[in-house]
Amino acid sequence: MKLAKLQGKRLALLWVLIVSVLLGHNAYLWLVKRIVPDTDILALLPVQERDPVLQQSFIHMVDAAQQRLVVLVGAADWNDARKAADAYSAVLAARPELFAATPVDEKTQADWLSLFQRHRLTLLTAPQEAKLRSAAASEWLQSALATLYSPFGGPKLGAWQDDPFGLFSGWVQERAQETPVRPRDGHLFVSNATSQYVLLPLTLKVPALSMTAQETVLPLLAQAGAAARKAYPQAELIQAGVILHAANASAQASGEVSTIGIGSLLGIILLMWFAFHSFKPIALILLSIGIGCLGSLSVCALLFDRIHLMTLVFGASLIGVAQDYGLYFLCNRLSADEGLDSPTLLKRLLPGLALTLLAAVIGYMGLALTPFPGLRQMAVFSALGLVFAWLTVVFWFPLLIGSRTLRSGALLRHYGALLLRWPLLRMNRNTLIAGLLFAVAAVAGISRLGANDDIRLLQNPPRHLIDDQIKLSKLLDAPTPVQFFLVRGASAEVVLQREEALKRRLDPLIAEHRISGYQAMSNWVPSARTQDERLALIKEKLLQDGGPLAGLAEQTGEDAQWIDATRAGLLAAGTPLTIQDFLKTPASEPWRHLWLDRIEGGYASIVALRGLDSKAVPRLQQMPAGLEGVQWVDKVAEISSVLGRYRQYMGWVVLGAYAVVFGLLFARYRARTWRVLAPTALASIATLALLGFAGQHLQLFHVLALMLLLGVGVDYGIFMQEHPERRNSTPWLAVGMSAANTILSFGLLGLSKTAALQAFGLTMLLGTALVWLIVPCFASTSESQ
């Protein structure tokens, strides 16, 4: 006995050292390293399962948009809009370390055109190329003369002899149609039927997903908006950017961490006070929970590069589970004989405590089987928290409590008396009728369950952000970053040729108004083959001796020397434009996200669609057929399908987990093993039925909650079967207090504005409450075993 006590004290001292290290490490993390939780919602999503290039293309699109902030300042009158926009810009200009903005002036526009002017002879639109192949020389001559003499012949880009047939001007005009934005009075301008807007495209110099950056940038944007409305009170502000959504998600998650964490702690404190009328049990439970959280944070900080904010939200609900072990020990201490010391009591309880921990960890580890990095982190965080809390109970509680008995309040005495009046299941007529009614209700409810695996349930931004995004997308005719074509090839030239083949298939959809257009790198840099063909076509149709150029000289009174000089100037601009040259220029900045240079297996590009009609999606899905290296990407549908597959997969994992837990428990409980598992299984079925009756759609997070419910519910079954005597209310007290705290924790999680967490919390709330109600019915007695 003395040797056991000595070993217990040594283990307790060892745990003191470990906890001291945890305290020091957490102090370092928060005070020195100043860790900032990750707010990137994409970090929660699964990586591309089969195709790393596809995953890279999606990340490339997202990264391109991540640091951008787009602001539209509008008014009915252009001058009012400009006045408000200038006031807005003036506020941001005071913080150049936060924002980068490209000036809109003549130099900017000249720099933008200079590269294309040096290669203008190879840049044609598709209609121009078709006309060159079909139109007579006289038609080109009349067209050139009309452009020369007409005051409405369109914009002149450089000297007339640099583009006598208007080919380059036509190409530039077509490129301008890729966006409705136009330069005006030193600003970027866009309009709709009622308002005129100044476009302010901004690039953040600080990480959009950094909470510190969000806390700096958002107040500045609010200040800029106030300045704009002071300059013109009726000014309309439309803002869109990843940082706005990330800041909203951060604020929402931070609020939920506080609500769930503080609410759970207050609930535990009140319940413990009513149960024991003493602060010592409260302090002990809070101690085990606190060490559990410290251990989780420390180990996760070592295992993962960053800890996601949603992990902390989910981890806050851990409080409702981590207190189970301490409650079980305290409730047994409450009813133990005065002569029984705590170390001896712990020795009796240790097998049951070990099984409860194992079952709970199995439940949490089920989350780690999913392809979601965020869920894996949540699973590791929660499982570690349980292990550290359990070890605190085992190493410290016996020494801190000793052999002193605990007092119970009147509430516990009344609650404990309920057990004697609780119905027991017997092999009789009443049980058979109840079983049949339950089966009918369960089948009816579960048959009403639909399924919804939409990935957008992971995020629920406020309405005003959604409205601004929709308005901005319509005004700017912006493409969606989650639906696009991925084009691959062994070389840049192959990729550009395949893009051109794809665009020929997309053109009919523009004519049918199924899409308004497309963004592709080959719009700006045609393939070398296409440029060579177009140059040869121009030489043959326009520049040959006796052709339209010679006719133009004759009509305008120019001599042969003019013809030679003009032809030489045009041919000098006939060198092919390369993708590398284009990417080096400022003109490429809005389109660089379309090009993936030197990826695995070669090169790749993105063809993004503007004004996509959802009815056209089935046709777009079939469009790559017969086009080598072209793939339709619908990231929302793809990830949603992954969610659906894993919902079904995790359903089978849950069933397998029941079999594993049954095998673990059988060695101790033998014929009573089914009594440990049956309450949780029935509660899970009943929960699904209730969700069906409530019109809920089943999703992965409902199934994951059922996995965790297995771990939690088995604890209650173990508590009851460790003390099968009906008159012993100790396990019933432990189940009741544990279930109440768990219901409180996950009930608060059910209030989350994130649909996925809400589904998880609601399932756990219903399931835990039902296990609580069902588990005493399966308590075994000497005559019922």
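See above for the structure.
What counts, and at which threshold
Residues numbered from 1 in each chain as written. Predicted model: local features only at pLDDT ≥ 70, side-chain atom pairs only at ≥ 80, totals over all residues. Heavy atoms only, no water. Helix = DSSP H or I, 4+ residues; strand = E, 2+ residues; numbered from the N terminus. Rg over C-alpha atoms; globule rule 2.2 N^0.38 Å. Buried < 20%, exposed > 50% of the residue type's maximum accessible area, 1.4 Å probe, protein only. Contact = heavy atoms within 4.5 Å. Areas by Shrake-Rupley, 256 points an atom, 1.4 Å probe, with all protein chains shown as cover. Lys, Arg positive; Asp, Glu negative; His and termini not counted. Charge placed at Lys NZ, Arg CZ, Asp CG, Glu CD. Patch = residues over 30% accessible without salt bridge, like charges linked within 9 Å, V, L, I, M, F, W, Y side chains within 5 Å. Salt bridge = Lys/Arg side-chain N within 4 Å of Asp/Glu carboxyl O. Core = buried A, V, L, I, M, F, W, Y, C linked by side-chain atoms within 4.5 Å. Pairing = 2+ DSSP bridges. Polar contact = N/O pair within 3.5 Å; in protein donor to acceptor, adjacent residues only side chain to side chain. Phe/Tyr/Trp six-rings, centres within 6.5 Å; stacked < 30°, edge-to-face > 60°. Lys NZ or Arg CZ within 6 Å of the ring centre and 35° of its normal.

(A) Spatial organisation of the overall build of the protein chain. Per the secondary structure count, the protein chain includes 30 helices and 13 strands. The C-alpha radius of gyration computed for the protein chain amounts to 35 Å, which surpasses the reference 28 Å derived for 785 residues by more than 25%, pointing to a less compact arrangement than a globule. Considered along the principal axes of its C-alpha atoms, the protein chain spans approximately 125 × 55 × 50 Å. Across the 785 residues in the protein chain, those meeting the buried criterion constitute 52%. Counted over contacts in the protein chain with a minimum sequence separation of 6, partners at least 24 positions apart contribute 82%. For the protein chain, the exposed surface amounts to about 34,600 Å²; the carbon and sulfur share of it is 62%. Both charge centroids of the protein chain, one from 67 positive and one from 57 negative side chains, sit 15 Å from each other.

(B) Here's a closer look at a nonpolar patch on the surface. A cluster of nonpolar side chains, contributed by L11, L14, L17 and I18, occupies part of the molecular surface with about 340 Å² of accessible area. By the element assignment, L11 lies in helix α1 (residues 2–32). We classify L11 as partly exposed; its relative accessible area is 37%.

(C) Highlighting the environment of L334. Here L334 lies in helix α13 (residues 324–335). Look at L334 and you get buried, because its relative accessible area is 14%. Sequence-wise, L334 and T730 are 396 residues apart; in three dimensions their C-alpha atoms are separated by 7.9 Å.

(D) Fine view of the environment of V607. Locating V607 in the fold gives a position in strand β11 (residues 602–610). The class of V607 is buried, set by a relative accessible area of 0%. Between the C-alpha atom of V607 and that of V654, which follows or precedes it by 47 residues, the distance is 42 Å. With near-sequence residues (within four places) excluded, V607 lies in contact with F484, F485, V487, E499, L502, L506, Y518, Q519 and A520.

(E) Region of the structure containing the nonpolar core. Grouped together as the largest cluster of nonpolar side chains are 124 residues, with contacts concentrated most on M272, L665, V714 and F760. By residue number, the principal contributor to this core is helix α15 (residues 373–401), which donates 17 residues. Excluding residues within four positions of it along the chain, V714 makes contact with A359, V661, L665, V676, L677, T680 and L709.

(F) Expanded view of the pairing of strand β5 (residues 196–204). A large share of β5 lies buried, amounting to 7 of its 9 residues. In the sheet, strand β1 (residues 68–75) pairs with β5 via 8 bridges, with the strands oriented antiparallel. Paired with A75 across the bridge in β5 is Q196. As paired strands, strand β2 (residues 99–100) and β5 are joined by 2 bridges and run antiparallel to one another. Across the sheet, residue A100 finds its bridge partner in β5, namely T203. In this sheet, β5 lies alongside strand β4 (residues 187–191) in antiparallel orientation, the contact comprising 4 bridges. Each residue of the ladder has a partner; that of F189, found in β5, is V198.

(G) Structural context of the side chain of Q699. Relative to the helices and strands, Q699 resides in the loop between β13 (697–698) and α28 (700–722). Residues contacting Q699, with those up to four places away along its chain left out, are N452, D453, L457, R647, A755, A756 and A759.

(H) View of the side chain of T122. Counting through the fold element by element, T122 comes out in the loop between α4 (106–117) and α5 (126–134). For T122, a relative accessible area of 1% gives the class buried. One polar contact links T122 to Q531, side chain to side chain, over a distance of 2.9 Å. Setting aside its immediate chain neighbours within four residues, T122 contacts P526, Q531, R534, L535, A573, G574 and T575.

(I) Spotlight on the pattern of salt bridges. Following the criterion strictly, the structure yields 19 salt bridges and no others. One salt bridge connects R82 with D185, and the closest N-O pair in it is separated by 3.3 Å. With R82 in helix α3 (residues 78–93) and D185 in the loop between β3 (182–184) and β4, this residue pair connects regions lying 103 residues apart in the sequence. Sharing partners across several salt bridges, the network here consists of E129, R133 and R534.

(J) Spatial organisation of the pairing of strand β10 (residues 595–599). The pairing of β10 with β11 spans 3 bridges and is classified as antiparallel. Considered in β11, the bridge of W595 is made with S605. In this antiparallel pair of consecutive strands, β10 and β11, the connection spans 2 residues, and G601 shows a positive phi of 85°.

(K) Broad picture of the packing of aromatic side chains. The tally for this structure, following the rule as stated, stands at 21 aromatic pairs. For the ring pair W78 and F189, a centre distance of 5.2 Å and an interplane angle of 90° mean the geometry is edge-to-face. On the criterion of sequence distance, the pair formed by W78 in helix α3 and F189 in strand β4 is long-range, its members being 111 residues apart. Of the two residues, W78 and F189, both sit in the buried class. Directly above the aromatic system of W524 lies the positively charged group of R175, at a separation of 5.8 Å from the ring centroid. Over the aromatic face of F189 sits the side chain of R184, whose NZ or CZ is 4.8 Å from the ring centroid.

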